[in-house]
Each structure stands twice: as structure tokens, then as C-alpha cells.
Amino acid sequence: MSSDSSKKTIGISNLEGHGCEGCITPSFLGFDFEYAYQPIVDFSTKSIYAHEALIRGPNGEGAHTVLSQVNNDNVYRFDQACRVKAVKTAAELNLQGYLSINFMPNAVYRPELCIKTTLAAAEKYNFPIDKIIFEFTEVERIKDTKHLLNIVSEYKKMGFKTAIDDFGAGYAGLNLLAQFQPDIIKIDMELLRGVDQDKSRQIISKSIIDMCEQLDVTVLAEGIETKGERDFFAAHGVKLMQGYLFSKPAFKAEGKIDPDAWN
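Residues numbered from 1 in each chain as written. Predicted model: local features only at pLDDT ≥ 70, side-chain atom pairs only at ≥ 80, totals over all residues. Heavy atoms only, no water.

For the protein chain, an unreviewed UniProt entry supplies the name Diguanylate phosphodiesterase and the organism Methyloradius palustris.

So this is what it looks like as C-alpha cells:
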């Protein structure tokens, strides 16, 4: 852990002191889950920039088998358990680069309190908090935009990076971007599918890239499946990419990049 990260977690040495031990116990949820990790690459340097933690069932089942068990009564505990398990498993796998964790804004009642389990897990498993990215999906209908802005502001103060997932697919889109600027936006994969052969998608994608450059927001092209899609975004200055072309999610393991994906 870096010295800066260590300073940020001093004084948060245990989970019990925050009344959150139960939040991270699978039996308390009534179901178990695991993670698969998919690399996010920096194509310009041909290196792994981060891994995104993706929910899976205990034996690798699809995310739906887990998420279908989440309801209003357990969503807070589930959100907390997700963060802790993602950090714990990433540390055990010795994943390099950033760790990207999805979070549920509607499950966070007070960001300065709800983040404590994450901080405690980072300290316990010796994972630098400045290597954690919290991403939320634009597709989730945000009940309170002001509350979301407060969450993002608090997380950035603590040293975390933030990202909007599925940008261009949801309800808020440009309105969210106008109100705050995350560190990263992930262009929705349906928007970039076949972009190298579709003029409309090219125009929209280039507009997003240009807009984000002016706002000092990094663009990540998510869902890259072909070299044509890869090359379009690379030609327009997008370095961060994610998708099956590079690696499928690896269940409880570090994702391995297909060497041909760089060529």
C-alpha cells in the first residue's frame, strides 16, 4: 500500500467498530456470490489498466442468478458485501492496476458512513484505496440525483476514482455529465457495436469523445469485440478498452489477454 493510501485508512482498523460485520457475512444475506474479473486495457501501452469485478453465482453462474435475489430489504447489505468481497478477492489474486467495483447509489444512505466497510477492507487486505474505481450504471434509475452527486463528491475526496457505466444507454446521460464530471465514462457497448462500419455510430462516438476531452473526462470503450471497433477508437485517441477481443471475464481469477488482440 502506498504511503498516501495508508494515511487515508488510518483509524479504520476493524469492521466491527462500525456495526457492519453482518453486512459482509454471506449467511446474513441468505445467499452467496463470487466474482469474475475482466481486464480493462490501455491499448496505447499494451498493458492492463484495471480489472472490473463482475458478479457471478458461487459456481460461476450468471449475474442474474444473484441479482434476482436482491430486494429492498437486503440491497444495502448486498452492496456492502460486494465491495468487501471484491477488494478481498482482488488482493488475494494480487491483481495489478485499478480495481473497478460497481455500486448501487440507491443503496447508499450516507456515503461517509457506508464507505467505511470498503475502507476497512482495503486496510485489512492491504489494497490501496487510490486504486479503486467506483462505477455506477446510467441504466439504473437514480431516485435522487442530488444524493448521487453527494456520493461522488465524497468518494473523490477520499481518493477513489468514479465512472459512469453504459453511458448513452440510460435515463440521465448528458444531464448527469452536465452536473458532475466523473473520472471515466464507459461508452455503452450497443453504441459502439460495429462502429467502424456505421456512420451514425461514428458521429455519435466522436461527439462523446470530443465532449469528454473538453471536460477532462477519460473515455473507456467497453464491449470491444472486433479489431475494427478497437482501431476506430484508437484512431480517435481512446486508450482504455474492455471486451471479449482482449479477454472474457475470468471466474475468481486474473483475466489473461489474448496476445493477438494487440496486433
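On we go.
Chemist: It is not clear to me how the nonpolar core should be interpreted in this structure. Could you clarify?
Modeler: Proteins that are soluble and globular tend to have nonpolar side chains buried together. F33, F78, F160, I185, F233 and F246 are the most contacted members of the largest nonpolar core, which totals 63 residues. Among the elements that take part in this core, helix α4 (residues 75-93) stands out by supplying seven residues, more than any other. Residues in contact with F233, not counting those within four places in the same chain, are I187, L192, V195, S205, I209, A221, I224, V238 and M241. If you look at the next biggest cluster of nonpolar residues, it comprises eight residues, including Y98, I133, A163 and L240. (Core = buried A, V, L, I, M, F, W, Y, C linked by side-chain atoms within 4.5 Å. Buried < 20%, exposed > 50% of the residue type's maximum accessible area, 1.4 Å probe, protein only. Helix = DSSP H or I, 4+ residues; strand = E, 2+ residues; numbered from the N terminus. Contact = heavy atoms within 4.5 Å.)

Chemist: Sorry, what's going on with the packing of α4 against helix α6 (residues 116-124) here?
Modeler: The description of two packed helices rests on the angle between their axes and on the distance between the axes. As a packed pair, α4 and α6 sit with axes 9 Å apart at the nearest point and diverge in direction by 15°. Classed by the angle they form, the pair α4 and α6 counts as roughly parallel. In the packing of α4 onto α6, the handedness of the crossing is right-handed. Note on element contacts: α6 touches α4 through T117, T118, A121 and A122, opposite Q80, R83, V84 and V87. In the contact of α4 with α6, the residues fall into four nonpolar, three polar and one charged. (Axes fitted to C-alpha atoms, helices over the stretch in contact; angles between N-to-C directions. Parallel < 35°, antiparallel > 145°, perpendicular 65-115°, else oblique. Left-handed = near helix turned anticlockwise from the far one by under 90°. Nonpolar A, V, L, I, M, F, W, Y, C, P; charged D, E, K, R; others polar.)

Chemist: I tried to follow the environment of L191 on my own but got confused; where do I start?
Modeler: Looking at the secondary structure, you find L191 in helix α9 (residues 189-192). A C-alpha to C-alpha distance of 6.4 Å links L191 and R201, two positions 10 residues apart in sequence. Those residues in contact with L191, other than ones at most four positions away along the chain, are R201, I204, S205 and I208.

Chemist: I keep staring at the pattern of salt bridges and nothing clicks. Help me out?
Modeler: The final tally for this structure, using the stated rule, is 14 salt bridges. The partner of D32 in a salt bridge is K85, with the nearest N and O atoms 3.2 Å apart. In this pair, D32 is assigned in the loop between α2 (26-29) and β1 (34-42) and K85 in helix α4, connecting sequence segments 53 residues apart. You can call D32 partly exposed: its relative accessible area is 33%. You can call K85 buried: its relative accessible area is 17%. Residue K85 is joined to E34 by a salt bridge in which the shortest nitrogen-to-oxygen separation is 3.7 Å. Taken together, the residues K85 in helix α4 and E34 in strand β1 connect sequence positions 51 residues apart. Judged by relative accessible area, which is 15%, E34 ranks as buried. (Salt bridge = Lys/Arg side-chain N within 4 Å of Asp/Glu carboxyl O.)

Chemist: Would you take a moment to explain unusual backbone geometry for this structure?
Modeler: Across residues other than glycine, the phi torsion is negative in most instances, and most of the peptide bonds are trans. Positive phi outside glycine occurs at K46, with the angle close to 55°. Classification of K46 as partly exposed rests on a relative accessible area of 46%. For N126, which is not a glycine, the phi torsion comes out positive at approximately 55°. In this fold, N126 is placed in the loop between α6 and β4 (132-137). On the basis of relative accessible area, N126 is assigned to the partly exposed category, the value being 48%.

Chemist: Help me out: how do you make sense of the pairing of β1 in this one?
Modeler: Looking along a regular strand, one sees side chains alternate from face to face of the sheet. Of all nine residues making up β1, nine are buried, and the element is well covered by its neighbours. Side chains E34, A36, Q38, I40 and D42 of β1 all project onto a buried face; the interleaved residues Y35, Y37, P39 and V41 project onto the opposite face, where all are buried too. Sheet analysis places β1 next to strand β2 (residues 47-56), joined by nine bridges and oriented antiparallel. Counted as the bridge partner of Y37 is A53 from β2. Once β1 ends, the chain turns through four residues before running back antiparallel as β2, passing K46 with a positive phi of about 55°. Pairing of β1 with strand β8 (residues 240-242) involves two bridges; the strand directions are antiparallel. (Pairing = 2+ DSSP bridges.)

Chemist: Just to check I follow, could you spell out helix α7 (residues 145-157) for this structure?
Modeler: Residue pairs spaced three or four apart in an α-helix point in one direction, given the helix's 3.6 residues per turn. Over its 13 residues, α7 extends 18 Å from the first C-alpha to the last, a length consistent with the 18 Å expected when each residue adds 1.5 Å. What α7 keeps buried is the set L148, I151, V152, E154 and Y155. All buried residues of α7 fall inside an arc of 165° around its axis, so they share one side. Across from the buried face of α7, at angles greater than 90 degrees, the exposed residues are K146 and K157. Taken from the residues just after α7, G159 is the one with a positive phi, measuring 105°. (Expected span 1.5 Å × (residues − 1). Arc of directions from axis to C-beta.)

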